[in-house]
Amino acid sequence: MNKAFSIKKRFLGMYKAANAGHVGCSLSVAEIITFVRFNWMNDNDEIILSKGHAAASIYSMLAEEGILSEDDIKTFYKNNTYLAAHPPVNKIKRVPFATGSLGHGLSIAAGLGLAQKLKKSDKKVFCITSDGEINEGSTWEAALFIAHHNLKNVVWLVDRNRLQGFGPTEDVMKLEPLDKKLEAFGFNVIIAEGHNFTSLEEAKNKALKSDIPTAIICNTTKGRSWKLYEGKLDSHYLPMKDDHYDVILAEVEIDYNTQISKL
């Protein structure tokens, strides 16, 4: 929980300095990324952030881990930086593939998962997708592939904030009942609260007992704690105004303290 708060504070500063959008996308996925990296995966496991437009969240996580320095973080969005708007390929440790061309992250995870299975390796591949990119046919092809080859070493986490670039997911292209659809494809489907570490821990424990691949649908809120735009499409694109930063930081801290009090 402490790391999630630190990661959020760092990437909010990054977005402010860069005057960049996609703030809400990172606020949506921050706890999921933090939990996977620091409460689940081993150092040799892979993590793929398929929703690459939330790149600031994974850069901040890498800084928390010590892979990126705070000087690196200051280059976010600037000319000649490795910390571009979408993660680059083969430039940063733990970013094995460029992502952000939505719908391909799960396909990459499927290939890595099969390779590790053939090697008889215990290495896991964690893939975090948005819900909007499930519209892409390649996501469903990857899901079929993972289930067919029983790639239990692939863990698929869906950031289910119910908003995508052009509106609510259920208006753009209906996904529900998403759990039943993924079950029909051959997944062990778990529903979790994506901003709640206790719920994510429960999901992890269920996943570890499964004999088939797991998909965790993480219910989240786009723009979590950005009260002005929380749960609104504007948080997908709009940068913070100068007078928003201190307010959001305070709201994120209130949210953090509230969650700590419930533990």
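Report on the accompanying structure.

Parameters and conventions
Residues numbered from 1 in each chain as written. Predicted model: local features only at pLDDT ≥ 70, side-chain atom pairs only at ≥ 80, totals over all residues. Heavy atoms only, no water. Phe/Tyr/Trp six-rings, centres within 6.5 Å; stacked < 30°, edge-to-face > 60°. Helix = DSSP H or I, 4+ residues; strand = E, 2+ residues; numbered from the N terminus. Buried < 20%, exposed > 50% of the residue type's maximum accessible area, 1.4 Å probe, protein only. Contact = heavy atoms within 4.5 Å. Pairing = 2+ DSSP bridges.

Points about the packing of aromatic side chains
Inference 1: The tally for this structure, following the rule as stated, stands at 11 aromatic pairs.
Inference 2: Ring geometry for F35 versus F197: centroids 5.9 Å apart, planes at 75 degrees, classification edge-to-face. Note that F35 is positioned in helix α2 (residues 23–39) and F197 in helix α9 (residues 197–208), a separation of 162 residues in sequence.
Inference 3: For F35, a relative accessible area of 2% translates into the label buried.
Inference 4: By relative accessible area, which is 9% here, F197 ends up buried.
Inference 5: Ring centres 5.6 Å apart and planes at 70 degrees place the aromatic pair W156 and F187 in the edge-to-face group.

Some thoughts on the side chain of T129
Inference 1: Within the secondary structure, T129 is located in strand β2 (residues 125–130).
Inference 2: Those residues in contact with T129 that lie beyond four places of it in its chain are S50, K51, W156, L157, V158 and D159.

A short note on the pairing of β2
Inference 1: Counting buried residues in β2 gives six out of six residues, a clear majority hidden from the surface.
Inference 2: Neither face of β2 is exposed, since V125, C127 and T129 on one face and F126, I128 and S130 on the opposite face are all buried.
Inference 3: Both strand β1 (residues 46–49) and β2 contribute to a ladder of four bridges, which runs parallel. If you follow E46 over to β2, its bridge partner there is V125.
Inference 4: Sheet analysis places β2 next to strand β3 (residues 154–160), joined by six bridges and oriented parallel. By the bridge assignment for β3, T129 is matched with V158.

The values reported here are purely geometric and, on their own, carry no functional implication.
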